[in-house]
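One-letter residues, chain by chain:
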Amino acid sequence: MIESTGGTNRSTGGPEDLPLRERKKRATRQRISDRATQLFLERGFDAVTVAEVARAAEVSAMTVFNHFPRKEDLLIDRIPEAVEMFAGAVRHRAPDETPVAALRRLALDLLDARHPLSGVDDDFPPFWRIVLDSPALRARAREAVEELEAALAETLAGTAPELPDPRLAAALIVAAYRAVYVASAGRLLAGERADRVAPDHRARLDAAFDVLERALAGMERHQ
């Protein structure tokens, strides 16, 4: 659910708004990610070493680890972005907007943009195949989902006092989103085109968030 397509964090302002040092830092991170992804696509994740990624990116191995604490994060590099987007949608929602409504809006915006976190684009299957072929990457992907769930639970606890069990609410939300994501990813991996998958993905997202709205409203009534 949180794989990379070699891109950088898109949830902040444009690069031109950042200080020169930060722009250089992001450019280095992008170059490392791009070279790593290329090598993983060519040879598979487990066959490529961090030293080889460093040489391809023309940096030291220490520089690679400064940007990516774990080798797995070279590919699954959108964990901070996912946390920021999902928690931010809840934290910055309108006063009359429920957390689920804010997350529905985010999910549909991601789909419309064909963002990697949406899971719907014709370019994504090669990256999922890398993940599926590597036990280490599959384990990291599961950890990433757990990190997202924990961050969302913390945000709900601080911003949605009407919810008596924010951890349960976060678990339900993340599980629903993941189920829709995985189903669409499976269709794309089987060879269907994104334009065909996207309408069903949108319909399933709406259905999932309808269920979540009712479930979380029921939690509020029983507190």
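Residues numbered from 1 in each chain as written. Predicted model: local features only at pLDDT ≥ 70, side-chain atom pairs only at ≥ 80, totals over all residues. Heavy atoms only, no water.

### Considering the overall build of the chain
Stage number 1. A tally of regular secondary structure across the chain gives nine helices and zero strands.
Stage number 2. Listed N to C, the secondary structure of the chain is α-α-α-α-α-α-α-α-α in terms of helices and strands.
Stage number 3. For the chain, the spread of C-alpha atoms along the three principal axes comes to 60 × 40 × 30 Å.
Stage number 4. Out of the 223 residues belonging to the chain, those deemed buried represent 47%.
Stage number 5. Residue pairs in contact within the chain that sit at least 24 positions apart in sequence constitute 72% of those at least 6 positions apart.
Stage number 6. As displayed, the chain offers around 11100 Å² of accessible surface, 53% of which is attributable to carbon and sulfur atoms.
Stage number 7. For the chain, the distance from the average position of its 32 positive side-chain charges to the average position of its 36 negative side-chain charges is 3 Å. (Helix = DSSP H or I, 4+ residues; strand = E, 2+ residues; numbered from the N terminus. Buried < 20%, exposed > 50% of the residue type's maximum accessible area, 1.4 Å probe, protein only. Contact = heavy atoms within 4.5 Å. Areas by Shrake-Rupley, 256 points an atom, 1.4 Å probe, with all protein chains shown as cover. Lys, Arg positive; Asp, Glu negative; His and termini not counted. Charge placed at Lys NZ, Arg CZ, Asp CG, Glu CD.)

### A short note on unusual backbone geometry
Stage number 1. Even without glycine at this site, Glu58 takes up a positive phi of about 60 degrees.
Stage number 2. Of note, Glu58 is situated in the loop between helix H2 (50-57) and helix H3 (61-67).
Stage number 3. A positive phi angle, close to 50 degrees, is found at Arg114, a residue other than glycine.

### A short note on helix H5 (residues 99-112)
Stage number 1. For H5, spanning 14 residues, the distance from its first C-alpha to its last is 20 Å, which sits close to the expected 20 Å at 1.5 Å a residue.
Stage number 2. With ten of its 14 residues buried, H5 lies for the most part within the structure.
Stage number 3. Residues of H5 that are buried include every one of Pro99, Val100, Ala102, Leu103, Arg104, Leu106, Ala107, Leu108, Leu110 and Leu111, and no others. (Expected span 1.5 Å × (residues − 1).)

### Remarks on helix H7 (residues 135-159)
Stage number 1. End to end, H7 covers 36 Å across 25 residues, agreeing with the expected 36 Å (1.5 Å per residue, within 8%).
Stage number 2. For H7, every residue scored as buried is listed here: Leu137, Arg140, Ala141, Ala144, Val145, Leu148, Ala151, Leu152, Ala153, Thr155 and Leu156.
Stage number 3. The secondary structure elements touched by the buried residues of H7 are helix H4 (79-91), H5, helix H6 (125-132) and helix H8 (166-189).

### Looking at the side chain of Arg78
Stage number 1. Tracing the backbone through its elements, the reader meets Arg78 in the loop between H3 and H4.
Stage number 2. Since its relative accessible area comes to 1%, Arg78 is described here as buried.
Stage number 3. A distance of 2.5 Å separates polar atoms of two side chains, one belonging to Arg78 and the other to Glu81. (Polar contact = N/O pair within 3.5 Å; in protein donor to acceptor, adjacent residues only side chain to side chain.)

### Structural notes on the packing of H4 against H7
Stage number 1. Packing of H4 against H7 leaves a shortest axis separation of 9 Å and a crossing angle of 25 degrees. Classified by the angle between their axes, H4 and H7 sit roughly parallel to one another. Between H4 and H7 lies a crossing whose hand is right-handed. The residues of H7 that touch H4, namely those facing Ile79, Ala82, Val83, Phe86, Ala87, Val90 and Arg91, are Arg140, Ala144, Glu147, Leu148, Ala151, Leu152, Thr155, Leu156 and Thr159.
Stage number 2. Of the residues that constitute the contact of H4 with H7, the class distribution is eleven nonpolar, two polar and three charged. (Axes fitted to C-alpha atoms, helices over the stretch in contact; angles between N-to-C directions. Parallel < 35°, antiparallel > 145°, perpendicular 65-115°, else oblique. Left-handed = near helix turned anticlockwise from the far one by under 90°. Nonpolar A, V, L, I, M, F, W, Y, C, P; charged D, E, K, R; others polar.)

### Some points on the nonpolar core
Nonpolar side chains in soluble globular proteins generally cluster together in the buried interior.
Stage number 1. Leu103, Leu152, Leu156 and Ile173 are the most contacted members of the largest nonpolar core, which totals 42 residues.
Stage number 2. Breaking this core down by element, the ones donating at least two residues are H4, H5, H7, H8 and helix H9 (194-221).
Stage number 3. Broken down by element, the residue count for this core peaks at ten residues, all from H8.
Stage number 4. Judged by nonpolar contacts, the second largest core, of 23 residues, contains Val48, Val50, Phe68 and Leu75. (Core = buried A, V, L, I, M, F, W, Y, C linked by side-chain atoms within 4.5 Å.)

### Some details on the pattern of salt bridges
Two side chains of opposite charge can pair, provided their charged atoms sit close to one another.
Stage number 1. In total, this model carries 18 salt bridges according to the counting rule given.
Stage number 2. Salt-bridge contacts for Arg196 lead to Glu192; the nearest nitrogen and oxygen are separated by 3.3 Å.
Stage number 3. A single network of salt bridges, built from pairs that share partners, joins Arg70, Glu72, Asp73, Arg140, Glu143 and Glu147. (Salt bridge = Lys/Arg side-chain N within 4 Å of Asp/Glu carboxyl O.)

### Remarks on the confidence of the model for the chain
Stage number 1. On average, the chain scores 91 in pLDDT, and the residues at 70 or more come to 91%.
Stage number 2. Within the chain, the element-level pLDDT minimum falls on helix H1 (residues 20-43), averaging 93, and the maximum on H2, averaging 98.
Stage number 3. Residue range residues 6-13 is modelled with pLDDT below 50. Its contacts to residues more than four positions away, or to other chains, number 23 contacts. (pLDDT = per-residue confidence, 0-100.)

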